[in-house]
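# Tertiary structure, described
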Amino acid sequence: MEDALTVDTPRNIDSLLTFLLTEGTADSSSSSVLAPEDEAYLAKLLAALRSGKRAVFIVEDADEKLKYMFSNASRAEAVSMLGKVIEATGRRLATNDD
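This report concerns the structure included in the present document. As the structure is a computational prediction, the values presented were derived from the model and not from experiment. (Residues numbered from 1 in each chain as written. Predicted model: local features only at pLDDT ≥ 70, side-chain atom pairs only at ≥ 80, totals over all residues. Heavy atoms only, no water.)

Applying the stated criterion across every chain, the model contains one aromatic pair. The interplanar angle of 40° and the centroid separation of 5.0 Å between the aromatic rings of Tyr68 and Phe70 together place this pair among those described as tilted. (Phe/Tyr/Trp six-rings, centres within 6.5 Å; stacked < 30°, edge-to-face > 60°.)

Another aspect to go through is a nonpolar patch on the surface. Taken together, the side chains of Val33, Leu34, Tyr41, Leu42 and Leu45 define a hydrophobic patch exposed on the protein surface, amounting to about 500 Å² of accessible area. Mapped onto the elements, Leu34 comes out in the loop between helix H1 (13–22) and helix H2 (36–50). (Patch = residues over 30% accessible without salt bridge, like charges linked within 9 Å, V, L, I, M, F, W, Y side chains within 5 Å. Areas by Shrake-Rupley, 256 points an atom, 1.4 Å probe, with all protein chains shown as cover. Salt bridge = Lys/Arg side-chain N within 4 Å of Asp/Glu carboxyl O. Helix = DSSP H or I, 4+ residues; strand = E, 2+ residues; numbered from the N terminus.)

Turning to unusual backbone geometry, a few remarks are in order. In this model, Glu64 sits at a positive phi of 65°, which is unusual for a non-glycine residue. Inspection of the secondary structure assignment puts Glu64 in the loop between strand E1 (55–60) and strand E2 (66–71).

The subject of this paragraph is helix H3 (residues 75–96). Its 22 residues give H3 an end-to-end C-alpha distance of 32 Å, which sits within 8% of 32 Å, the value for a rise of 1.5 Å per residue. Burial analysis of H3 places just two of its 22 residues in the buried class, a small minority of the element. (Expected span 1.5 Å × (residues − 1). Buried < 20%, exposed > 50% of the residue type's maximum accessible area, 1.4 Å probe, protein only.)

Structural data, given as structure tokens:
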């Protein structure tokens, strides 16, 4: 069965990170929609990625296409990481459910 989801996967992590870091700086009048604490958290995540940690980045574009990147991980490792995120989120929701 053919997957109907179209995804762009970057070949060069350095060019992707450069693009992500410079995208918002081209127009000084535009500002981030992220809260300052989210910006700080994102900076920590990027630092971890640059130090060699495994990562999965997922972004939904305006046209509802998902763009994602696996860094320092195989596809199997990335799927395992996503499973851990789902499991941890489920546990948090279960323990905080009043």
